[in-house]
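For reference, the chains in residue letters:
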Amino acid sequence: MPERGSISLFEVVLFGVCLTLVAVPVPHFYQDVMIVTFIWAGVALAWNIAGGYVGLISFGHAAFFAIGAYTSTILGVRYGVTPWIGIWIGALLAAALGTTLALIGARLRGPFFILSTLAAAEVVRIAALNWTSLTGGAEGIWIAPVPNAVNMVFASRTTYVAVMLGYVAAVYAIAKTLEGSRYGLRMFAVRDDEDAASAAGVNPLLVRAGAMTISAFLTAIGGSLFAQYFQYLDPTHVASPELSFQFALLPALGGLGTAIGPLLGSFIIMPVSELLRSYLGAVFQGLHLAIFGGFLIVVMLYFPDGLAGALKRLGLGRSKGPP
Amino acid sequence: MTALLEVSNLSCAFGALKAVDEVSFSVREGELLGLIGPNGAGKSTVYNLIAGAIKPTSGRIVYKGRVITGWKPFEAARSGVARTFQIPKPYGLLSVIDNVALSALLHDVTVAAARETAEAVITDVGLADVMEAPVSILTVGQLKRLEVARALALRPNLILFDEIMAGLTRPEVMSMTELVASLPSRGMTVVWVEHVLYAIMQAAPRIMVLDRGRVLADGIPEEVARDPAVIKAYLGEEMSLA
């Protein structure tokens with residue numbers, strides 16, 4: 001068994017393929033698919049640090065995504081602060097909310113914690129909708145589509161694809177490093193049995209708060225990058241519960257608790273759902289959602305440990321022979 | 001002799017039930033104290049109180065001269081108190097070695113060092129052949145030994161064992177008893193709750209009997225085994241030390 005946290009050949013090849021896709025000319029539509037896939041994969045990886053590593057299942061990560069998107073955009077559009085700085089401010093604000101949620105929900109477990117995250121995200125969404133003077137409310141905010149590197153607005157889609165690949169690679173590296181570190185081991189222990197972890201000298205509250213903080217921080221960066229690419233944001237696009245569910249669904253389908261799970265989940269599901277939407281959306285409204293839903297049910301029924309788990313079993317079965 | 005652990009008038013009530021009722025005892029540094037009693041006598045509750053898992057209704061616990069009543073479990077662990085759980089609580093998705101390495105991380109700085117410590121402890125408790133296995137494949141007896149390994153990997157001063165022999169075969173009980181009996185010579189003080197009487201009566205120089213939350217007897221095994229009150233409450237008429 002490879003050491004936890006070490007990089008496998010598969011990961012190197014995958015990264016190589018992604019780099020190639022960035023470098024070669026690809027039609028705009030596919031570049032858009034790649035951009036969204038990379039951002040969502042980064043957020044799914046960030047979500048997994050809380051949900052998969054420590055077991056803090058959150059249906060409220062859209063809150064962090066929205067805080068990142070709004071902070072960098074408002075600072076940029078209204079106050080002329082470059083998004084290169086605004087991103088970090090948004091991430092810190094989201095991290096503060098993440099810490100707060102973990103501390104407030106210290107005694108909440110399972111469904112009760114989930115509900116608290118859902119509620120927190122709704123608070124953020126409603127604030128974004130009604131605090132019109134700051135957020136533009138339902139009308140949203142536009143980022144001027146004038147290419148300027150300082151404003152993080154690029155002329156070429158390829159630059160966006162490269163930036164998003166950088167984002168997902170960075171989040172992946174952080175998740176991987178955590179996995180192999182002592183903090184990671186403490187997270188897994190708290191997830192699997194909090195009483196036992198505590199009896200081994202681990203303060204579970206600190207571990208949970210730490211994981212939520214990191215997770216929220218990284219999610220907010222994804223939100224800021226999405227705003228820079230989309231150049232428009234309103235509460236429906238960056239703060240809706242559907243977004244929160246998606247962020248939770250991708251790692252759940254890909255496989256919880258390892259970095260490769262959310263990555264595979266996103267790399268398979270995001271392009272498929274985008275392609276289905278574009279090809280079937282015009283032919284038969286809603287058909288792509290039905291197919292997508294069926295696919296989700298099949299994965300959940302037959303691969304309870306996710307796509308990563310299924311692939312791993314396939315690989316082990318081949319290399320190992322009879323047990 | 002200095003007492004490492006001093007429990008005075010400790011009580012803990014769950015509603016109307018007094019699980020632990022005015023219990024006092026002390027454990028000397030380097031001692032091996034056996035704690036026996038019928039089910040529901042309050043043995044595990046006493047452990048939970050000392051290890052900080054629950055707070056007492058009244059009473060005082062002094063460890064190394066410090067009042068530590070009501071501390072948190074991780075504070076207990078960091079101060080050198082280790083405990084095992086009667087019903088094993090493994091980290092279900094981790095391997096055996098990682099289960100133990102987590103405990104070793106209390107003193108080891110790197111994961112690599114912790115795994116090295118864990119390897120030695122796992123070999124000590126006889127789980128070397130399942131070192132890298134996921135805990136989900138372990139038998140009850142192996143899970144009990146995993147509990148012991150995790151406690152030992154904390155390198156504690158005081159260790160609280162809770163029924164670590166249940167589910168073990170007789171030869172396994174023998175080797176585990178040997179291990180437990182060797183701990184005082186390795187600088188550890190041991191309190192040991194056990195229902196496998198032949199093991200504890202043979203290894204522990206001092207036995208304390210709890211019944212309905214109270215201390216019924218406290219002395220050398222031979223005396224305790226002959227005490228009429230103990231026989232009535234726990235051992236049964238036919239108990240012999242053989």
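Because the structure is predicted, anything quoted here is derived from the model rather than measured.

A tally of regular secondary structure across chain A gives 15 helices and 2 strands. Taking the principal axes of its C-alpha atoms as reference, chain A extends roughly 60 × 45 × 35 Å. Taken across its 323 residues, chain A has 48% of its residues classed as buried. Excluding contacts between residues fewer than 6 apart, the proportion of contacts in chain A whose partners are at least 24 apart in sequence is 77%.

A few words now on the nonpolar core. In terms of nonpolar packing, the biggest core is built from 176 residues, with A:Ala66 and B:Trp192 touching the most fellow members. With 15 residues, the top contributor of residues to this core is helix H2 (residues 28-53) of chain A. Contacts of A:Ala66, omitting those with residues within four sequence positions, involve A:Val124, A:Arg125, A:Ala128, A:Gly223, A:Val238 and A:Ala239.

Taken N-terminus to C-terminus, the directions of helix H8 (residues 182-192) of chain A and helix H3 (residues 96-104) of chain B make an angle of 110°; their axes are 10 Å apart at the nearest point. Considered as vectors, H8(A) and H3(B) are oriented roughly perpendicular to each other. Facing H8(A), whose interface residues are A:Leu185, A:Arg186 and A:Ala189, H3(B) presents B:Asp98, B:Ala101 and B:Leu102. Of the residues belonging to the contact of H8(A) with H3(B), the class tally is 4 nonpolar, no polar and 2 charged.

All names here are of chain B. The strand order across the open sheet built from 4 strands is E2-E1-E4-E5, with neighbouring strands paired in antiparallel fashion. Two strands close off the open sheet at either side, each with one partner strand: strand E2 (17-28) and strand E5 (66-67). Relative to E2, helix H1 (residues 43-50) is tilted by about 65°, and along the sheet it contacts strand E1 (3-14), E2 and strand E4 (58-63).

Here we come to the interface of chain B and chain A. With 24 residues of chain B at the contact, the number on the chain A side is 19 residues. At the level of secondary structure, the elements contributing two or more residues to the side of chain B that touches chain A comprise helix H2 (73-78) and H3 of chain B. Tallied by class, residues from the side of chain B that touches chain A come to 16 nonpolar, 2 polar and 6 charged.

Moving on to the environment of A:Leu108. Residue and element names in this part refer to chain A. As for its position among the elements, Leu108 is in the loop between helix H4 (83-104) and helix H5 (110-130). The class for Leu108 is partly exposed, based on 16 C-beta atoms found within 10 Å. For the pair Leu108 and Leu56, spaced 52 residues apart in the sequence, the C-alpha separation amounts to 9.9 Å. Contact partners of Leu108, with chain neighbours within four places excluded, come to Phe113 and Ser116.

Now for the environment of A:Thr82. All names here are of chain A. Among the structural elements, Thr82 can be located in the loop between helix H3 (61-79) and H4. Spatially, the C-alpha atoms of Thr82 and Trp47 are 26 Å apart, while their sequence positions differ by 35 residues. When near neighbours in sequence (up to four residues on either side) are disregarded, Thr82 contacts Gly76, Val150 and Asn151.

This paragraph deals with the confidence of the model for chain B. One rule of thumb: low pLDDT means the predicted coordinates there are not for detailed reading. Residues and elements named next belong to chain B. Here chain B averages 91 in pLDDT, and 96% of its residues register 70 or above. Ranking the helices and strands of chain B by mean pLDDT puts H3 first, with 97, and helix H9 (residues 228-235) last, with 82. Quick note on the complex model: pTM equals 0.91, ipTM equals 0.91.

Thresholds applied
- Residues numbered from 1 in each chain as written.
- Chains lettered and ligands numbered in written order.
- Predicted model: local features only at pLDDT ≥ 70, side-chain atom pairs only at ≥ 80, totals over all residues.
- Helix = DSSP H or I, 4+ residues; strand = E, 2+ residues; numbered from the N terminus.
- Buried ≥ 20, exposed ≤ 12 C-beta atoms within 10 Å, placed from the backbone.
- Contact = placed C-beta atoms within 7 Å.
- Core = buried A, V, L, I, M, F, W, Y, C linked by C-beta atoms within 7 Å.
- Axes fitted to C-alpha atoms, helices over the stretch in contact; angles between N-to-C directions.
- Parallel < 35°, antiparallel > 145°, perpendicular 65-115°, else oblique.
- Nonpolar A, V, L, I, M, F, W, Y, C, P; charged D, E, K, R; others polar.
- Pairing = 2+ DSSP bridges.
- pLDDT = per-residue confidence, 0-100.

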